[in-house]
Amino acid sequence: MIDSSAGLAFTVPAFTGLVAVVTGGGSGIGAAVTASLRAQGALVGVLDLNPGAPADGLLPVVADVADRESLTSAMAAVALTYGGIDILINNAGISAVGGIDANDDEEWHRVLDVNVVGMARATSAALPYLRRSPAAAIVNISSIAATAGLVQRALYSASKGAVHALTLATAADLVGDGIRVNCVAPGTVDTPWVERLLARTGDPAGERARLEGRQPTGRLVTAEEVAGAVTYLASPASAATTGMSLAVDGGMSGLRPPPRG
Ligand code: NAD
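Residues numbered from 1 in each chain as written. Predicted model: local features only at pLDDT ≥ 70, side-chain atom pairs only at ≥ 80, totals over all residues. Heavy atoms only, no water.

Engineer: Got a minute to help me understand the pattern of salt bridges in this structure?
Structural biologist: Oppositely charged side chains can pair when the atoms bearing their charge come close. Taken as a whole, this structure holds nine salt bridges when the rule is applied. The closest approach of N and O atoms between Asp113 and Arg121, which form a salt bridge, is 2.5 Å. A residue is classified by how much of its surface remains accessible, and Arg121, at 10% relative accessible area, is buried. Note that Arg210 is salt-bridged to Glu207, the shortest N-O span being 3.0 Å. Placement of both Arg210 and Glu207 in helix H6 (residues 204-214) is noted, with a separation of three residues, approximately one turn of the helix. (Salt bridge = Lys/Arg side-chain N within 4 Å of Asp/Glu carboxyl O. Buried < 20%, exposed > 50% of the residue type's maximum accessible area, 1.4 Å probe, protein only. Helix = DSSP H or I, 4+ residues; strand = E, 2+ residues; numbered from the N terminus.)

Put into structure tokens, the structure is as follows:
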């Protein structure tokens, strides 16, 4: 936005006057999204099991997306501190490895509870504030695993497929309230999460090379590249976009290039 009211044209950051909440904002993609929104003028509530240290315009709140009560009080704390909530980034999530028979019922329930029900809980807790915002937007973090069949990711993929469907259904329910709902579907992103996954394999360097080779660009996505897409979908610049999934996957979902080398 350009404001020339004082005679001099200057750029007003896109998120000036807006308040965002980022779940899982303490690490990886969530931390990059937090930094991006803050850099563009938003005040940000960081809701995480480990939300990090407070800073100018950043409110860390210890919250567990598996606990409805914790989310209700965390949203209230952000709204009380910053005067409302305009944007919700549902990013907190956990990994699961293995085929369909690899995890017991307890693990299926645990992962779906965090990755899917956690988004429903956080959205419900934020809704009373979002309904009062003139620029309300929700961005859910899905995954390439929602729409492509990846080996050894049955439970994780089921959780992200549900996030994709939940995004569409919620967008339809909330469009009349002026609340936009979109998701971003990353490929493999170079975050502490992937470092942990690699460390659990017998051959971290070989597995990293396999993951890099899976993406047509030949490299992992950066957390900042995902944050750029999230920032766009959260911003008033995308006011006509709702119910969409934006891939940030190095071409993995759509391209079939010849093998490298
Ligand atoms: P990460 O492990 O680096 O960060 C996840 C953050 O979520 C951590 O700070 C963690 O403390 C927090 N968290 C976990 N459980 C929580 C809970 N119950 N309540 C509150 N906070 C909780 O992971 P990341 O790679 O940045 O992943 C973030 C999101 O991106 C996840 O939803 C993940 O599924 C998705 N994603 C990641 C990749 C990837 O390759 N890294 C790819 C596609 C999608």
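Having seen the structure, we can now continue with the description.
Engineer: When you look at the packing of helix H2 (residues 68-82) against helix H3 (residues 105-130) in this model, what are you seeing that I'm missing?
Structural biologist: Contact geometry of H2 with H3 gives a least axis separation of 9 Å together with a crossing angle of 35 degrees. Every pair of crossing elements has a handedness; the one defined by H2 and H3 is right-handed. Contact residues: H2 offers Arg68, Leu71, Thr72, Met75, Ala76 and Ala79, while H3 offers Gly118, Arg121, Ala122, Ser124, Ala125, Ala126 and Tyr129. (Axes fitted to C-alpha atoms, helices over the stretch in contact; angles between N-to-C directions. Left-handed = near helix turned anticlockwise from the far one by under 90°. Contact = heavy atoms within 4.5 Å.)

Engineer: Can you walk me through the side chain of Ser235 in this structure?
Structural biologist: Here Ser235 is to be found in the loop between helix H7 (223-234) and strand S9 (245-248). Under the relative-accessibility criterion, Ser235 is labelled buried at 5%.

Engineer: Explanation requested: H3 in the structure shown.
Structural biologist: At 3.6 residues per turn, the α-helix brings residues three or four places apart onto the same side. Along its 26 residues, H3 runs 35 Å from first to last C-alpha, staying within 8% of the 38 Å computed at 1.5 Å per residue. Helix geometry: H3 is bent most strongly at Val117, by close to 40 degrees. (Expected span 1.5 Å × (residues − 1). Bend = angle between axes of the 7 residues up to and from the residue.)

Engineer: For this particular structure, what's the right way to read the site of the ligand?
Structural biologist: Looking at the ligand, there are 28 residues lining it, with Ser27, Asp48, Asn91, Tyr156 and Thr191 nearest. Between the ligand and Ile29 there is a distance of 2.8 Å, counted from an oxygen atom to a backbone nitrogen or oxygen. Lys160 places a side-chain nitrogen or oxygen 3.0 Å from an oxygen atom of the ligand. Burial of the ligand by the surrounding chains reaches 93%, relative to a free accessible area of 830 Å². Within the residue set of the shell around the ligand, elements represented by two or more residues are helix H1 (28-39), helix H4 (154-174) and helix H5 (192-199). Here the element with the most residues in the shell around the ligand is H5; it accounts for four residues. Looking at the shell around the ligand residue by residue, the classes come out as 13 nonpolar, 11 polar and four charged. (Near = heavy atom within 4 Å. Polar contact = N/O pair within 3.5 Å; in protein donor to acceptor, adjacent residues only side chain to side chain. Areas by Shrake-Rupley, 256 points an atom, 1.4 Å probe, with all protein chains shown as cover. Nonpolar A, V, L, I, M, F, W, Y, C, P; charged D, E, K, R; others polar.)

Engineer: Looking at this structure, how should I read the environment of Ala77?
Structural biologist: Following the sequence through the fold, Ala77 ends up in helix H2. Expressed as a C-alpha distance, the spacing of Ala77 and Val61, which sit 16 residues apart in the sequence, is 8.0 Å.

Engineer: Would you explain the environment of His109 in this entry?
Structural biologist: Turning to its location among the elements, His109 is positioned in helix H3. Once the C-alpha coordinates of His109 and Leu155 are considered, the two residues, 46 residues apart in sequence, prove to be 9.7 Å apart.

Engineer: How do you make sense of unusual backbone geometry when you look at a structure like this?
Structural biologist: The general pattern is negative phi for most residues beyond glycine and trans for most peptide bonds. Non-glycine residue Gln152 carries a positive phi angle of around 60 degrees. As for its position among the elements, Gln152 is in the loop between strand S7 (137-141) and H4.

Engineer: What is the right way to look at the layout of surface pockets in this model?
Structural biologist: A volume near 880 Å³ is recorded for the largest pocket. Around the largest pocket, the lining is made up of 40 residues, and of these Asn91, Gly93, Ile94, Trp193 and Arg196 lie nearest the centre. Listed by contribution, the elements that provide at least two residues to the lining of the largest pocket are H1, strand S4 (43-48), H4, H5 and H6. Examining the composition of the lining of the largest pocket, we find that five residues originate from one element, H5, more than from any other. Partitioned by chemical class, the residues of the lining of the largest pocket number 20 nonpolar, 14 polar and six charged. (1 Å grid on protein atoms, 1.4 Å probe; cavity = no way out; pocket = protein on both sides within 12 Å on 5 of 7 lines; lining within 4 Å. Points joined across faces, edges and corners; volume = space filled by probe spheres on them.)

Engineer: How should I be thinking about the sheet that holds strand S8 (residues 180-186) in this particular structure?
Structural biologist: Within a sheet, each strand pairs with its neighbour through backbone hydrogen bonds, oriented either parallel or antiparallel. Strand order in this open sheet of seven strands is S5-S4-S3-S6-S7-S8-S9, and the pairing throughout is parallel. Each end of this open sheet is capped by a strand with a single partner; those strands are strand S5 (58-62) and S9. Each adjacent strand pair in this sheet contributes to an overall mean axis angle of 20 degrees, direction not counted. Across the face of the sheet, H3 comes into contact with strand S3 (19-23), strand S6 (87-90) and S7 while running at roughly 175 degrees to S6. (Pairing = 2+ DSSP bridges.)

Engineer: I would appreciate a short explanation of empty space enclosed by the protein in the present structure.
Structural biologist: Any empty space left between atoms is shown by rolling a water-sized probe over those atoms. For the coordinates displayed, the defined rule picks out one cavity of 30 Å³ or more. Computed from the structure, the largest cavity encloses a volume of approximately 30 Å³. Lining the largest cavity, in full, are Thr23, Val65, Asn90, Asn91, Ala92, Gly118, Met119 and Ala122. The dominant element in the lining of the largest cavity, judged by the number of residues it contributes, is H3, at three residues. Of the residues in the lining of the largest cavity, the class split is four nonpolar, four polar and no charged.

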